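Architecture at a glance
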Amino acid sequence: MKTNVNLRPYNSFGFDAIAKYFVEINTIDDLQTLIKSGVLRKHKTLILSGGNNILFQKDVFDGLVVYINTKGIEILREDGNEVVVRAQAGEDWPEFVRFCVSKGWHGVENLAYIPGKIGAAPIQNIGAYGMELKDSFLQCEAMDLTAGDTKVFTKEECRFGYRESIFKHELKGRFVITSVDFLLKKNAPLNLEYGNIKAYLEQNGIENPSLQQLHDAICAIRDAKLPDVKQIGSAGSFFKNPVISIEQFEDLQQQYPNIPHYPDTEGMVKVPAGWLIEQAGWKGWRDEHVGVYDKQALVLVHYGGGTGLDIVELAHKIQDSVEKKFGIRISPEVNFV
Ligand code: EPU
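Description of the structure in this document. Residue positions are counted from 1 within each chain, in the order its sequence is given. Totals for whole chains, interfaces and linings use every residue, but because this is a predicted model, local features are given only for residues with pLDDT of at least 70 and side-chain atom pairs only at 80 or more, for both listing and counting. Computation of side-chain values: all heavy atoms of the structure, hydrogens and water removed.

1. Digging into the pattern of salt bridges
What counts here: Put simply, a salt bridge is a Lys or Arg side-chain nitrogen that is within 4 Å of an Asp or Glu carboxyl oxygen. What counts as a helix is a DSSP run of H or I of at least four residues, what counts as a strand is a run of E of at least two, and both are numbered from the N terminus. Any residue under 20% of the maximum accessible area for its type is buried, any over 50% is exposed, and the rest in between are partly exposed; the area is computed with a 1.4 Å probe on protein chains only.
Counting across every chain of the model gives 16 salt bridges. A salt bridge links Glu164 to Lys240; the nearest nitrogen and oxygen atoms lie 2.7 Å apart. Remark: Lys240 occurs in the loop between strand E13 (233–237) and strand E14 (243–245) and Glu164 occurs in the loop between helix H4 (155–158) and strand E12 (175–185); sequence separation between them is 76 residues. By relative accessible area, which is 16% here, Lys240 ends up buried.

This is how it looks when you write it as structure tokens:
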């Protein structure tokens with residue numbers, strides 16, 4: 001166990017935060033030994049994976065950070081059109097997607113290039129370009145942080161929703177996900193429906209894209225819209241897209257006839273928060289240290305030298321101004337620590 005470790009390399013915003021205690025986990029056995037030692041009961045504990053969806057609000061984390069860095073990808077079953085693949089929690093998500101695509105396995109290609117690690121993916125049911133983790137998720141294994149026992153969670157038990165799962169609610173802080181099993185297909189139709197995928201392919205003269213071409217197109221589309229966290233600190237989308245009632249939506253539509261929207265559950269409509277933030281005048285706003293990304297208003301960025309509190313303050317101002325203009329309170333999808 002190390003002491004006083006700067007977490008800057010472990011959070012994609014790139015904020016300085018000192019962890020009083022820090023331990024890196026490389027095997028499941030190490031994790032179990034740590035839990036059974038009882039040390040987690042003595043300290044406030046933070047399980048850290050890729051750190052791509054986290055905001056440190058304070059300069060010091062006065063507890064124990066458990067950094068999960070277990071590796072390994074194995075094929076559990078391969079028959080007919082199906083492949084079941086297990087990935088350990090510390091595997092890099094975009095590399096895992098590249099690996100599956102290179103093998104010709106369908107199911108995660110639209111989730112290409114999302115920064116993060118396998119273990120964090122189910123927690124917020126990562127999603128992009130018309131696909132969500134849950135679409136190819138079979139089950140995951142997780143370890144109970146009090147007893148050190150492992151438990152398998154089926155898809156139903158995870159209760160996935162839009163950027164949601166049981167691990168963000170009832171089971172928050174109770175389990176650490178140790179591996180995820182995916183059910184992938186060797187042959188399956190490609191999902192080209194979202195946003196500008198088709199336009200991008202057309203512009204690049206690609207008529208019937210291969211799995212690899214779709215993967216590469218999504219990487220290019222993301223690259224053009226989202227900051228590279230190696231250069232500009234961010235946590236991807238900072239807010240969730242709000243879901244409002246049809247009545248509220250229709251009122252807004254009278255005032256703003258061009259308001260983009262997608263159907264959600266019955267009687268509800270999803271509105272892009274990026275549009276609301278842009279209309280409220282924030283796109284491209286910046287001060288010395290933090291700002292709103294100029295190509296995608298849903299992304300708050302850290303240019304360096306700032307603190308988590310600068311982002312918290314900016315987020316509150318944006319929430320207040322969006323609420324004042326549209327009567328909608330947008331909520332963060334990033335986890336505050
Ligand atoms: N829009 C604007 N201005 C902006 C940004 C967006 O007007 O600055 C409007 C446009 O009408 C656009 C629509 O919002 O057509 C949707 O924008 P986009 O396709 O960029 O998607 P999003 O809803 O803003 C979501 C995810 C992203 C994911 C993209 C693509 C959430 C919170 N975010 O963003 O996920 O990559 O769709 O599927 O659902 C993430 O979670 O970190 C993330 C990046």
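2. Some points on the packing of helix H3 (residues 93–103) against helix H6 (residues 211–225)
The description of two packed helices rests on the angle between their axes and on the distance between the axes. Our working definition: Structural elements are reduced to axes, namely lines fitted to C-alpha atoms, with helices fitted over the stretch in contact, and the angle between N-to-C directions of any two is expressed from 0 to 180 degrees. In what follows, roughly perpendicular refers to angles from 65 to 115 degrees, roughly parallel to angles under 35, roughly antiparallel to angles over 145, and oblique to any angle outside these ranges. A crossing counts as left-handed when the near helix is turned anticlockwise from the far one by less than a right angle, and as right-handed when that turn is clockwise. The contact definition used throughout considers only heavy atoms, calling two residues in contact when any of these lie within 4.5 Å. Only Asp, Glu, Lys and Arg are considered charged in this grouping, and only Ala, Val, Leu, Ile, Met, Phe, Trp, Tyr, Cys and Pro are considered nonpolar; every other residue, Gly among them, is considered polar.
Between H3 and H6, whose axes approach to 9 Å, the crossing angle comes to 155 degrees. For the element pair H3 / H6, the angle class is roughly antiparallel. As for the relative orientation of H3 and H6, their crossing is left-handed in sense. Contacts from Val97, Arg98, Val101 and Ser102 of H3 reach H6 at Leu211, Gln212 and His215. Tallied by class, residues from the contact of H3 with H6 come to three nonpolar, three polar and one charged.

3. Here we look at unusual backbone geometry
In this model, Asn125 sits at a positive phi of 45 degrees, which is unusual for a non-glycine residue. Along the chain, the position of Asn125 falls in the loop between H3 and strand E8 (127–128). With phi around 45 degrees, Arg159 is a residue other than glycine that occupies positive phi space.

4. Considerations on the sheet that holds E12
In a beta sheet, neighbouring strands are held together by backbone hydrogen bonds and run either parallel or antiparallel to one another. As a reminder of what qualifies: Here a strand pair is declared whenever DSSP counts at least two bridges between the two strands.
Taken in spatial order, the five strands line up as E6-E7-E12-E10-E11 in an open sheet, and their pairing is antiparallel. At either end of the open sheet lies a strand with only one pairing partner, and these are strand E6 (73–79) and strand E11 (150–154). Sheet twist, expressed as the average angle between the axes of neighbouring strands with direction ignored, equals 20 degrees. Looking at chain direction, strand E10 (residues 137–144) and E12 are connected through seven bridges and run antiparallel. Each bridged residue has a counterpart across the sheet, and for Gln139 the counterpart in E12 is Asp181. Against the sheet, helix H1 (residues 28–36) makes contact with strand E7 (82–88), E10 and E12, and its axis sits at roughly 40 degrees relative to E10, the strand it touches most. Where H3 meets the sheet, its contacts fall on E6, E7 and E12, and the angle it forms with E12 comes to roughly 20 degrees.

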